[in-house]
Amino acid sequence: MGKVMAISNQKGGVGKTTTSINLASGLAHVGKKVLLIDFDSQGNATQGLGANQNNSQATIYSVLMEGVPIQQAIVPKVNPRIDIVPANINLAGADLDMDKMEYGKEELLKKAIAPIRDQYDYIIIDCPPSLGLLNTNALTAADSILIPVQCEYYALEGVTQLLITIRLVQRTSNRNLKIEGILLTMFDIRTRLSVDVSQDVRQTFGKLVYQNSIPRNVKLSEAPSRGVSIFEYDPKSTGAKAYAGLTEEVLKRNSKEA
Ligand SMILES: Nc1ncnc2c1ncn2[C@@H]1O[C@H](COP(=O)(O)OP(=O)(O)OP(=O)(O)O)[C@@H](O)[C@H]1O
Ligand SMILES: [Mg+2]
């Protein structure tokens, strides 16, 4: 059975999509079979992997709201060994559409991915920057949540709010939801703020925080414009090294659990 991991933080621009693409790619590079589900109407993961070329392609919206089987929405091997279920602006209406449903509105994604779970080692969900029903669906479908935290002011407040949501999901729709880990992103060793925030987060959340933090690295922001992960774009960059380190840590944590 594949492990389903939601990459989530309701705060915008903290590195969810960058982490989704590059962790997915890192896992694929060591031979894992990976599916990335773009769960954000901005479609950044879809575009960042160059999977937005065909207008007739089914998306995660068609799967959730129009009953299209997920197999039909998978774009295979969009990047070495990563399959993706794309998203586009259609998904922006999904929160409202779902809310009108009487039953099972939190479990649409969980049900949709059930038939393909055992075809993958990891299914990674790139979540939107909100705490609405889309995010609830992701957390209900997931075995665990990986939380990227940008090294800036108010980082801790954002995580505290997210932890409340996680507890709510654990009490209602997914009592098995675990915290996979907390990842410090856009770390800049030269700034006092980065160092202070990372110390605070580590002190508060201890071992949940990955040893590897992701440095601010312009290569990481350039790679999506080429439709590739950092491992194809610049494997020697500090960004690539950091995401390779994270991949190893994720694998190590998961081999201990298994
Ligand atoms: N480590 C990094 N170094 C430099 N730039 C980065 C890094 N991580 C992310 N970025 C850039 O910062 C911006 C926000 O990152 P990203 O899209 O991954 O965040 P997000 O949390 O998915 O945003 P949203 O909430 O809008 O979905 C992007 O332009 C991305 O290229
Ligand atoms: Mg994003």
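Being a predicted model, the structure only gives us computed values, none of them experimental. (Residues numbered from 1 in each chain as written. Chains lettered and ligands numbered in written order. Predicted model: local features only at pLDDT ≥ 70, side-chain atom pairs only at ≥ 80, totals over all residues. Heavy atoms only, no water.)

*Asks:* Break down the site of ligand 1 for me, citing the residues and quoting the values.
*Replies:* Near ligand 1, the surroundings consist of 18 residues, among which Lys16, Thr17, Thr18, Pro215 and Asn217 are the closest. Interatomic distance of 2.9 Å between a backbone N/O atom of Gly13 and an oxygen atom of ligand 1. Within the backbone of Pro215, one N or O atom sits 2.8 Å away from a nitrogen atom of ligand 1. Here ligand 1 loses 80% of its free accessible area of 630 Å² to cover by the protein chains. In this structure, ligand 1 is accommodated by the largest pocket. For the shell around ligand 1, the secondary structure elements donating two or more residues are helix 1 (16-29) and helix 10 (218-222). Residues belonging to the shell around ligand 1 are distributed by class as follows: 6 nonpolar, 8 polar and 4 charged. (Near = heavy atom within 4 Å. Polar contact = N/O pair within 3.5 Å; in protein donor to acceptor, adjacent residues only side chain to side chain. Areas by Shrake-Rupley, 256 points an atom, 1.4 Å probe, with all protein chains shown as cover. 1 Å grid on protein atoms, 1.4 Å probe; cavity = no way out; pocket = protein on both sides within 12 Å on 5 of 7 lines; lining within 4 Å. Sits in = over half its atoms within 2 Å of the grid points. Helix = DSSP H or I, 4+ residues; strand = E, 2+ residues; numbered from the N terminus. Nonpolar A, V, L, I, M, F, W, Y, C, P; charged D, E, K, R; others polar.)

*Asks:* Describe the pairing of strand 6 (residues 144-150), naming the residues involved and giving the relevant values.
*Replies:* Counting buried positions over the 7 residues of strand 6 gives 7, a clear majority of the element. What you see with strand 6 is no split at all: Ser144, Leu146, Pro148 and Gln150 on one side and Ile145, Ile147 and Val149 on the other are buried throughout. As judged from the 3 bridges shared by strand 1 (residues 3-7) and strand 6, these two strands associate in the parallel manner. Looking at the pairing, Ala6 lines up with Ile145 of strand 6. Traced from strand 6 through helix 8 (residues 155-172) to strand 7 (residues 178-185), the parallel crossover comes out right-handed. (Buried < 20%, exposed > 50% of the residue type's maximum accessible area, 1.4 Å probe, protein only. Pairing = 2+ DSSP bridges. Right-handed = clockwise from strand over helix to strand, strands pointing away.)

*Asks:* Account for empty space enclosed by the protein, with residues named and values stated.
*Replies:* Summary: where empty space remains is shown by rolling a probe the size of a single water molecule over the atoms. Evaluated as defined, the whole model comprises 2 cavities of 30 Å³ or more. When its volume is computed, the largest cavity comes out at roughly 40 Å³. Lining the largest cavity, in full, are Asn9, Lys11, Val14, Val149, Gln150, Glu152, Ala155, Gly158 and Val159. Those elements that provide at least two residues to the lining of the largest cavity are strand 6 and helix 8. No other element matches helix 8, which puts 3 residues into the lining of the largest cavity. (Points joined across faces, edges and corners; volume = space filled by probe spheres on them.)

*Asks:* An account of helix 7 (residues 133-141) is needed here, citing residue identities and associated values.
*Replies:* Among the 9 residues that make up helix 7, 9 are buried, leaving the element largely enclosed by the rest of the structure. Within helix 7, burial applies to Leu133, Leu134, Asn135, Thr136, Asn137, Ala138, Leu139, Thr140 and Ala141.

*Asks:* Please provide a residue-by-residue account of the packing of helix 7 against helix 8, values included.
*Replies:* Look at helix 7 against helix 8: their axes get within 10 Å of each other, and the N-to-C directions meet at 60 degrees. Between helix 7 and helix 8, the angle is such that the two are oblique. You can see that helix 7 and helix 8 cross each other, and the crossing is right-handed. Mapping the contact onto sequence places Thr136, Leu139 and Thr140 in helix 7 and Thr165, Ile166 and Val169 in helix 8. Broken down by class, the residue content of the contact of helix 7 with helix 8 amounts to 3 nonpolar, 3 polar and no charged. (Axes fitted to C-alpha atoms, helices over the stretch in contact; angles between N-to-C directions. Parallel < 35°, antiparallel > 145°, perpendicular 65-115°, else oblique. Left-handed = near helix turned anticlockwise from the far one by under 90°. Contact = heavy atoms within 4.5 Å.)

*Asks:* Go over helix 1 with me, naming the residues and quoting the values.
*Replies:* Taking 1.5 Å of rise per residue, the 14 residues of helix 1 would be expected to cover 20 Å, and the 20 Å separating its terminal C-alpha atoms lies within 8% of that figure. Within helix 1, 12 of the 14 residues are buried, which leaves it mostly tucked inside the rest of the structure. Positive backbone phi, approximately 95 degrees, marks Gly31, located one or two places after helix 1. (Expected span 1.5 Å × (residues − 1).)

*Asks:* Account for the pattern of salt bridges, naming residues and giving values.
*Replies:* The full count for this structure, using the stated rule, is 10 salt bridges. Lys105 serves as the salt-bridge partner of Asp99, at 3.3 Å between the closest nitrogen and oxygen. Between Arg117 and Asp143 there is a salt bridge, with the nearest N and O atoms lying 2.9 Å from each other. Remark: Asp143 occurs in the loop between helix 7 and strand 6 and Arg117 occurs in the loop between helix 6 (108-113) and strand 5 (122-126); sequence separation between them is 26 residues. Classification of Asp143 as partly exposed rests on a relative accessible area of 27%. (Salt bridge = Lys/Arg side-chain N within 4 Å of Asp/Glu carboxyl O.)

*Asks:* Report on the pairing of strand 7, specifying residues and quantitative values.
*Replies:* Of all 8 residues making up strand 7, 6 are buried, and the element is well covered by its neighbours. Pairing geometry for strand 6 and strand 7, over 7 bridges, is parallel. Bridge pairing links Pro148 to Leu183 in strand 7.

No statement about biological role is implied by the geometric values presented.
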